[in-house]
Amino acid sequence: MIRQIIHIDEEKCNGCGICATACHEGAIDIVDGKAKLMRESFCDGLGDCLPNCPAGAITFEEREAPAYDEQAVKEAHNKRTEGKNMTEHEKHMQEEMMHHAEGHGCPGSRFMQFEDDEETDTASAVNRSLPSRLRQWPVQIKLLPTQAPFYDGAKLLIAADCTAYAYANMHEEFMKGKVTLIGCPKLDDIDYSEKLTEIIRNNDIKEVTIVRMEVPCCGGLQAMAENALKASGKFIPWQVVTISRDGRIID
């Protein structure tokens, strides 16, 4: 039959696994580092995987495909979740899948929230190092979920990734007390505007700070953040700080 079904562009796919987790029907697997639609009859054509793909590798298409088999999907789901006959390895793999679902992707992109308190300061002092002010993981814009607990009442820091290397006091002056989002549109070749819009629109964001380098390509990150603020329909305090290549605040 001719019906709507997803198409995965393997050239764009980065193998993060977000789509496989987002697909509740289990139609997608990661094979040789790429997402593949392995069970066409499991794909309902609704596209839960589309908005979760950071690489924009998934689209809809109309083509010949087997009909959606809801009963087979249910049976496969029951088999995956049945734990009484699982081996230890299978149980471990199921636990990993549950962890993946929390972070919408591979273990490296599973979201985590960190405490920023006096105990952290004391522990760091004992180790003779400054405390990290990172409050969550991941930090890359393309890996971050659009909704997560750490966004609730958050102040956002949207920063070019070079700023942390150029400006020595990045943690204390900019990251402290904020949720950090970093990226480089020139290297990632991604327009973050839509994702940033969703983050700002769908969460209780209190303010936004944009930290960029003085180089022209960083103007793209600033423009994307500003466009997202406008498109969100919210009136949120925001500011832009520019760092020079030799590590000074110049704006």
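Here the structure is shown first, and the text comes after it.
Colleague: Break down the overall build of the protein chain for me, with residues and values.
Modeller: Per the secondary structure count, the protein chain includes nine helices and 10 strands. Counting over 251 residues, the protein chain shows a buried share of 39%. Contacts in the protein chain between residues at least 24 apart in sequence constitute 69% of all its contacts with a sequence separation of at least 6.

Colleague: Lay out the nonpolar core with the relevant residues and their values.
Modeller: If you look at the biggest cluster of nonpolar residues, it comprises 38 residues, and the most contacted ones within it are Tyr-151, Leu-156, Leu-181, Leu-196, Val-208 and Val-211. If we skip the residues at most four places from it in the chain, Val-208 touches Leu-156, Ile-158, Ile-200, Leu-229, Ile-236, Pro-237, Trp-238 and Gln-239.

Colleague: Hey, could you go over the pattern of salt bridges for me, with residue numbers and the actual values?
Modeller: A complete count under the given rule lists 11 salt bridges for this structure. For the salt bridge of Glu-40 with Arg-63, the shortest nitrogen-to-oxygen distance reads 2.9 Å. Of the two residues, Glu-40 sits in the loop between strand 3 (34–37) and strand 4 (58–64) while Arg-63 sits in strand 4, which places them 23 residues apart along the sequence. You can call Arg-63 partly exposed: its relative accessible area is 23%.

Colleague: Explain the pairing of strand 10 (residues 238–243) to me, using residue names and the numbers behind them.
Modeller: In terms of strand pairing, strand 9 (residues 205–213) meets strand 10 through six bridges, oriented parallel. Pairing of Ile-210 across the sheet is with Val-240, part of strand 10. Where the polypeptide runs from strand 9 across helix 9 (residues 218–231) and back to strand 10, its parallel neighbour, the crossover connection is right-handed.

Reading the values: the criteria
Residues numbered from 1 in each chain as written. Predicted model: local features only at pLDDT ≥ 70, side-chain atom pairs only at ≥ 80, totals over all residues. Heavy atoms only, no water. Helix = DSSP H or I, 4+ residues; strand = E, 2+ residues; numbered from the N terminus. Buried < 20%, exposed > 50% of the residue type's maximum accessible area, 1.4 Å probe, protein only. Contact = heavy atoms within 4.5 Å. Core = buried A, V, L, I, M, F, W, Y, C linked by side-chain atoms within 4.5 Å. Salt bridge = Lys/Arg side-chain N within 4 Å of Asp/Glu carboxyl O. Pairing = 2+ DSSP bridges. Right-handed = clockwise from strand over helix to strand, strands pointing away.

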